[in-house]
Structures are given as structure tokens and as C-alpha cells.
Amino acid sequence: MSPTHPPVDPPGDDTLDLRVDDLIALLTRGAPPQPPATGAPTTDPPATGASALPATDTGTGTDTGTPAGVLFRGGHPHREFLDGDLLDSVASWSPATTPAGSFRLVPVRPERDLPLLTRWMNDPAVAAFWELAGPETVTAEHLRAQLEGDGRSVPCLGLLDGTPMSYFEIYRADLDPLARHYPARPHDTGVHLLIGGSTDRGRGVGTTLLRAVADLVLDHRPRCTRVVAEPDLRNTPSVSAFLGGGFRYAAEVDLPDKRAALMIRDRALRHVL
């Protein structure tokens, strides 16, 4: 698959896209390699650290040499690069005050939330893009993959004034197969969203919540410089909500299951857009 590369970041961006070798240098622990002494053999020594880690395919196609190929082995991030809580304790993030009310992310508990989420997933407007319609076991399996994973993705209910009304997935985009399809940067954080009730759709609530969630990510994840999303290009209301929520359109990307709009909210531009 050949994604369309995003345009050069606008003036004022506080980071630069990293090449693979730059990413390896950034992530590899220990002293940087020293040039061989004069007269020393030029044969490379056995690889250690990041340079010894194979760029294994994660199930999204042939390895392209992107950061994901360096960070993954057997479909999981290398433990060398997992520095504590991958998402900086989403459960402890403070509420956000929005024009729609007080908003909070609460990590999903299946024993409490599965019936509600299943009902939302069976709404035709949601099922058209999430493709999780069916009995509770379908939604449960989708949640299980995240809840029993390594912490790179956290499923959350979005509560507005204490009432569950949306579902979010906050995930490490740089450790996700998505990183094979765009120039990922360390600690890029991704967002998936659905609005549960039809009465909350079409009146700007999604735009408000996307801005609030992106701000929560940037406020509580100091190492994250960008919040990213990849809504289906066919989902025009979703793309519009991201644009209204301070994200910029960066590119179209071909993903295994859809053609998506790559949307980015930059820390450096958060008070401009």
C-alpha cells in the first residue's frame, strides 16, 4: 500500500519528522557507537540493541522500514522501548470543562459497560464504520484485545456531566500498525471516537469532545507532540468534526480496511487552530 505522504509541517511546528536511523538513535539505550580506530578491521561487529532487532511485519503488509518495523517484534512492541505506562495513566486524567459540560474519560469495565457499548455498536450509523454489529461477544472480543494487551490502547467511555454518551480509544499511534502508513514520531497518540446517542450527533458535540480529548492528551502526555486520527474518508461528518476540533488534514492514507484521512493536531498549533 502506498500512502500519500503528508505535506511539510506548517511553520511553528516544534519537531521534525524522524528518519528510521534517527529514531533508532533516539530510542537505543547506551553509548552511541564509536568509529573504528585507525587500522582496525572494518567488519561490523555483531549487532546489539536496536540495531539487532528485526523489522518484523505486524500483519499489515510487507515491512517498509518505517519506525513500526523497528518497534515491533512478533506483533508486539519491543520491551526495550516500553518505558512504564504507555499512555501516562489515562484513568487519572482530570475532567475537562467544555461548552457542552464537564467531560471525563473513564476506562471501560466490561462487566459494567458491555451492554451499553454493544447497543451503540449495533446502531446502523455506527456499524457502517466500526463494523462491530452483533451480539455482546463481538464487542467483548474487540475490548479484550485492548484490555489484555500491553497498554498501548485504552478503551474509554466519554462521560458528559456524569452521563456516558461516547466511546473513545486512546492509543499509541507510534506503536500501532498505523505507523507503517505515515511518518510517525515517538509518542504520537491516536484517537478513535463514536458518539453513542443519536440526539448528540449533528449538533457539534463531536467537535467539542475531540478538541477536549486532544487537549487532555497534550496536557497529560508531555512527551506527545501530536494527536493523530484516521477517520474513514467516506465519513464526512467525522472528518468535519476533526477539522472543527483543531486537527489539520495531512494526507489520504490507504489502510488495510479503509481509505482514511490522516488528521493531526499539533502541540505547537493547539492555541492557533
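Residues numbered from 1 in each chain as written. Predicted model: local features only at pLDDT ≥ 70, side-chain atom pairs only at ≥ 80, totals over all residues. Heavy atoms only, no water.

Looking at unusual backbone geometry
We note that D88 has phi near 55 degrees; this positive angle belongs to a residue other than glycine. Secondary-structure assignment places D88 in the loop between strand 2 (76–77) and strand 3 (96–98). Relative accessible area serves as the criterion here: at 22%, D88 is assigned to the partly exposed category. Residues other than glycine seldom take positive phi values, yet H187 does so here, at roughly 75 degrees. Mapped onto the secondary structure, H187 falls in the loop between strand 6 (163–172) and strand 7 (189–195). (Helix = DSSP H or I, 4+ residues; strand = E, 2+ residues; numbered from the N terminus. Buried < 20%, exposed > 50% of the residue type's maximum accessible area, 1.4 Å probe, protein only.)

Quick look at the nonpolar core
Nonpolar side chains tend toward joint burial in soluble globular proteins. Membership of the largest hydrophobic core comes to 32 residues, with the highest contact counts inside it found for F103, L105, F168, I170, L209 and V213. Elements supplying a minimum of two residues to this core: strand 4 (101–107), strand 5 (153–160), strand 6, strand 7, helix 6 (205–220), strand 8 (226–229), helix 7 (236–244) and strand 10 (258–266). Here this core gets nine residues from one element, more than from any other, and that element is helix 6. With residues near it in sequence (within four places) discarded, V213 still touches F103, L105, F168, I170 and V191. With 15 residues, the next largest nonpolar core counts V106, L116, W130 and Y167 among its residues. (Core = buried A, V, L, I, M, F, W, Y, C linked by side-chain atoms within 4.5 Å. Contact = heavy atoms within 4.5 Å.)

Focus on the pairing of strand 8
Neither face of strand 8 is left uncovered, since the one carrying R226 and V228 and the one carrying V227 and A229 both have all their residues buried. The parallel pair strand 7 and strand 8, bridged by helix 6, forms a crossover whose chirality is right-handed. Where strand 8 lies against strand 10, four bridges are found, and the strand directions are antiparallel. Of the residues in strand 10, the one forming a bridge with V227 is R265. (Right-handed = clockwise from strand over helix to strand, strands pointing away. Pairing = 2+ DSSP bridges.)

Structural notes on the sheet that holds strand 8
Strand order in the open sheet made by the eight strands is 3-4-5-6-7-8-10-9, with mixed pairing throughout. Edge positions in the sheet fall to strand 3 and strand 9 (248–255), since each of these pairs with one other strand and no more. Pairwise comparison of adjacent strand axes, ignoring direction, gives a mean angle of 30 degrees for this sheet. Where helix 3 (residues 110–121) meets the sheet, it contacts strand 4, strand 5, strand 6 and strand 7, and its direction lies at approximately 90 degrees from that of strand 6. (Axes fitted to C-alpha atoms, helices over the stretch in contact; angles between N-to-C directions.)

Details of the pairing of strand 5
Along strand 5, eight of the eight residues are buried, which leaves the element largely enclosed by surrounding structure. Burial along strand 5 is two-sided: S153, P155, L157 and L159 facing one way and V154, C156, G158 and L160 facing the other are all buried. As defined by bridge partners, strand 5 adjoins strand 6 across eight bridges and the pair is classed as antiparallel. Across the sheet, C156 pairs through a bridge with F168, a residue of strand 6. Counted along the chain from strand 5 to the antiparallel partner strand 6, the turn is two residues long, and its residue D161 has a positive phi close to 50 degrees.

Some points on helix 3
Between the first and last C-alpha of helix 3 there are merely 14 Å, a value that for 12 residues lags more than 12% behind the 16 Å anticipated at 1.5 Å per step. Among the residues of helix 3, those classed as buried are D113, L114, L116, L117, T118, W120 and M121. Each element contacted by the buried residues of helix 3 is listed here: strand 4, helix 4 (124–130), helix 5 (136–147), strand 5, strand 6 and strand 7. (Expected span 1.5 Å × (residues − 1).)

Structural notes on the environment of M263
Mapped onto the elements, M263 comes out in strand 10. As a C-alpha pair, M263 and R248 span 15 residues in sequence and 5.5 Å in three-dimensional space. Residues contacting M263, with those up to four places away along its chain left out, are V227, V228, A229, P231, V239, F242, L243, F247, R248 and Y249.

Remarks on the packing of helix 6 against helix 7
The N-to-C vectors of helix 6 and helix 7 enclose an angle of 50 degrees; their axes lie 8 Å apart at closest approach. Taken together, the axes of helix 6 and helix 7 are oblique relative to one another. As helix 6 packs across helix 7, the resulting crossing turns out to be right-handed. Facing helix 6, whose interface residues are G206, T207, L210 and R211, helix 7 presents S240, A241, F242 and G244. Tallied by class, residues from the contact of helix 6 with helix 7 come to three nonpolar, four polar and one charged. (Parallel < 35°, antiparallel > 145°, perpendicular 65-115°, else oblique. Left-handed = near helix turned anticlockwise from the far one by under 90°. Nonpolar A, V, L, I, M, F, W, Y, C, P; charged D, E, K, R; others polar.)

By themselves, these observations are geometric and do not establish any function.
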